[in-house]
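Below, each chain spelled out in residue letters.
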Amino acid sequence: MTTTLLTPAPAAAPAGPARTASAVLALALVEGRRLLLSVPVLVALAACTAWTVWHTPAFQDGHPALQDADRATQDAPLLLALAVLLAVNRAVLRSRHRDTERHFAVLALGPGARTAAHALSLLPVTLVTALGVLAHFGYEALRPDAVGHGSPAELLTGPLTVLLFGTFGVLLARLLPSAVAAPVAVVLFFLVFVGGAMPDGGGTPDTRWLAPVVTESGPLTLPSDLLARPAAWHALYLAALALTLALLAVVRAGGGRPVTLGALAVAAALAVTGGTIQTGAVPADVVAARERATLTPEKEQSCARRSGVTYCAFPEWTSRTGRWAAVADQVRAVAGGTAHDRPLLVRQRVEARYGLGSDPYLPSLTAPHQVTVGTEWGGNRVPEFAVDVAGVLVAGDEAKAGRICDGRAVTVMWLALSGLPDPVQALRDVRLDDSATGSAIVLSQTEPHSMTEAQTEVVRALLDRPRAEVAAKVKAHWTELTTAKVTAAQAASLLGMPTPKGDDGCDV
């Protein structure tokens, strides 16, 4: 009988810090590539790209304010973040599901180091997200009529959200090593952050900022210095929270060395600091600036004169006065009497006192020959502005124009719409019900106007006639057409149109 003596293999010498770091980095690169090529991430990237490409050209009707465009980059990464959470959680649990965890015992990297590698593997997909955000914002910034200023901190929100959700997926794998935990978390997060179940968090402190994304979308565009969004503190909060979750996962996996614990304490302190400061009230100087911009905008604006009209705008919008002038000049060109050469003052106005989430209301100006223009342009804003200019030319001021309920509305609407590229579509766009027949409310930058059924008939017929032909009749009968109490039938007769059959009664 032969006896064979087997000498145990010598224990692997502990790897030094430099070798361990190199191995962690190598594993992170491999896992980062696998994460980018995983099915959930690829599907989410495709969906986010398609959504962005589809919606970006129509953002603010092609006339973007960059202080709004930077926030528009934050929604799409939420979907990608959920996919990354699911994919990285599966990657961390891969060795457990495939029963290869016991084989890792012979390697130099322990569970803590491998967990750190999975956390670092999130950096490539975070970088891809950042590149997508920059492309999205860059497209808006390069538009010919872009105004305002974007915030780098706002642009960081999307990539940091992906990083945050990814680190949560790593931590979840160490706390609950189950294949069910991540899908359940994805569903819950989708309902809360994407599905709109997150509370508004009104009041002070503003707890909305504890959520990853706070877009504050609404109908109002404010000058960038009036936003008062704590975007920099929010970016710090997201980055520090992501680091905290990653370090917690490393500690949970057994990597609780003093350096790791110290870094965890610092990261947690930064997350608490950023999270606390960002939920504070709007600074007093911003509150005062908002009030000045609302009540005394002339103190904040610069003015330029074009063809007898003075245009006053906030500093970020001065480049847009040419577009306003093009519309105003078209309206004035076909006005009769003294209105043709009447000096106007077009003033940009905004209701800023209640912040971005408010539904703005601007009362009509009572000063003669002054017209309101808002901070948005394009789409319906163009015919709305044209109607306001025409109303002031006919009635003398915005307040009187808003109370017109007689045949002068025919003159106002034809002046406003006849020079636009598609007058009939502009008529639909400027009416509340998007109609071109019947009575309707006419939208305005300030208080709405109204049109009766008979007035709509006459205007609709006039828009089908050559503009020069109608303009000659408008100028010839300007005094009669702009006299109070003129009826739609009388206006039609003066302009050579058939007598309208609809009701000409006004409820105003």
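Residues numbered from 1 in each chain as written. Predicted model: local features only at pLDDT ≥ 70, side-chain atom pairs only at ≥ 80, totals over all residues. Heavy atoms only, no water.

- Labelled according to an unreviewed UniProt entry, the chain appears under the name ABC transporter permease, originating from Streptomyces hintoniae.

## Concerning the UniProt feature "transmembrane region" (unreviewed entry) in the chain
Working step 1: UniProt records the feature "transmembrane region" (unreviewed entry) for residues 35–56, 76–93, 114–135, 155–173, 180–198, 231–251 and 258–277 in the present numbering.
Working step 2: End C-alpha atoms of residues 231–251 are separated by 30 Å, and the span's content is 100% helix alongside 0% strand.
Working step 3: End C-alpha to end C-alpha, residues 258–277 measures 29 Å, and it is 100% helix and 0% strand. (UniProt positions renumbered as here; feature names shortened; annotations may be inferred. Helix = DSSP H or I, 4+ residues; strand = E, 2+ residues; numbered from the N terminus.)

## Structural notes on the state of the cysteines
Working step 1: Summed over the entire model, instances satisfying the criterion amount to one disulfide.
Working step 2: Linked covalently through their sulfurs, Cys303 and Cys312 form a disulfide whose S-S length is 2.0 Å. Handedness of the Cys303-Cys312 disulfide follows from its S-S torsion of about 105 degrees: it is right-handed.
Working step 3: Cys303 sits in the partly exposed class, given a relative accessible area of 49%. (Disulfide = S-S within 2.5 Å. Buried < 20%, exposed > 50% of the residue type's maximum accessible area, 1.4 Å probe, protein only.)

## With respect to unusual backbone geometry
Working step 1: Positive phi, normally seen in glycine, also occurs at Ser307, with a value near 50 degrees.
Working step 2: Along the polypeptide, Ser307 turns up in the loop between β1 (302–306) and β2 (309–313).
Working step 3: Residue classification places Ser307 among the exposed residues on the basis of a relative accessible area of 53%.
Working step 4: Its identity as a non-glycine residue notwithstanding, Asp434 has a phi of 55 degrees, on the positive side.

## A few points about the pairing of strand β3 (residues 344–348)
Working step 1: Most of β3 is tucked away, with five of its five residues classed as buried.
Working step 2: Going residue by residue along β3, you find Leu344, Val346 and Gln348 tucked away on one face and Leu345 and Arg347 tucked away on the opposite face as well.
Working step 3: Note: β3 against strand β4 (residues 370–373), four bridges, orientation parallel. Looking across to β4, one finds that Gln348 is bridged to Val373. (Pairing = 2+ DSSP bridges.)

## Overview of helix α17 (residues 423–430)
Working step 1: Within α17, the full set of buried residues consists of Pro423, Val424, Ala426, Leu427 and Val430. Projection of α17 onto a plane perpendicular to its axis shows the buried side chains occupying an angular sector of 160 degrees, all on one side.
Working step 2: Buried residues belonging to α17 abut α14 (381–395), α16 (408–417), β5 (440–442), β6 (449–451) and α18 (453–462). (Arc of directions from axis to C-beta. Contact = heavy atoms within 4.5 Å.)

## With respect to the packing of aromatic side chains
Working step 1: Taken as a whole and judged by the stated rule, the model has three aromatic pairs.
Working step 2: Relative to Phe189, the ring of Phe165 has its centre 5.3 Å away and its plane inclined at 65 degrees; by these criteria the two rings are edge-to-face. Of the two residues, Phe165 sits in helix α8 (residues 152–175) while Phe189 sits in helix α9 (residues 181–194), which places them 24 residues apart along the sequence.
Working step 3: Residue Phe189 is classed as partly exposed on the basis of its relative accessible area, which comes to 22%.
Working step 4: Aromatic pair Trp377 and Phe385: ring centres 5.7 Å apart, planes at 70 degrees, arrangement edge-to-face. In terms of burial, Trp377 and Phe385 fall into one category: buried. (Phe/Tyr/Trp six-rings, centres within 6.5 Å; stacked < 30°, edge-to-face > 60°.)

## Here's the deal with the confidence of the model for the chain
Working step 1: On average, residues of the chain score 90 in pLDDT, and 91% of them are at 70 or above.
Working step 2: Every residue in residues 9–13 is under pLDDT 50, and counting partners more than four places away or in other chains gives zero contacts. (pLDDT = per-residue confidence, 0-100.)

## Re the sheet that holds β4
Working step 1: One open sheet accounts for four strands, arranged β1-β2-β3-β4; its pairing is mixed. Every other strand in the sheet has two partners, leaving β1 and β4 as the edge strands with one partner each. Averaged over all adjacent pairs, the angle separating strand axes in this sheet is 20 degrees, with direction ignored.
Working step 2: With five bridges joining them, β1 and β2 adopt antiparallel strand pairing. Paired with Ala304 across the strands is Tyr311, a residue of β2.
Working step 3: Seen against the sheet, helix α13 (residues 321–333) touches β1, β2, β3 and β4 and runs at an angle of roughly 150 degrees to β2.
Working step 4: Each of β3 and β4 touches α14; the most contacted strand, β4, lies at about 170 degrees to it. (Axes fitted to C-alpha atoms, helices over the stretch in contact; angles between N-to-C directions.)

## A few points about the pattern of salt bridges
Working step 1: Taken as a whole and judged by the stated rule, the model has 18 salt bridges.
Working step 2: With a closest N to O distance of 3.2 Å, Arg208 and Glu216 form a salt bridge.
Working step 3: Glu351 is the partner of Arg353 in a salt bridge, and the nearest nitrogen-oxygen pair spans 2.8 Å.
Working step 4: Overlapping salt bridges bring together Glu154, Arg208, Glu216 and Arg229 as one network. (Salt bridge = Lys/Arg side-chain N within 4 Å of Asp/Glu carboxyl O.)

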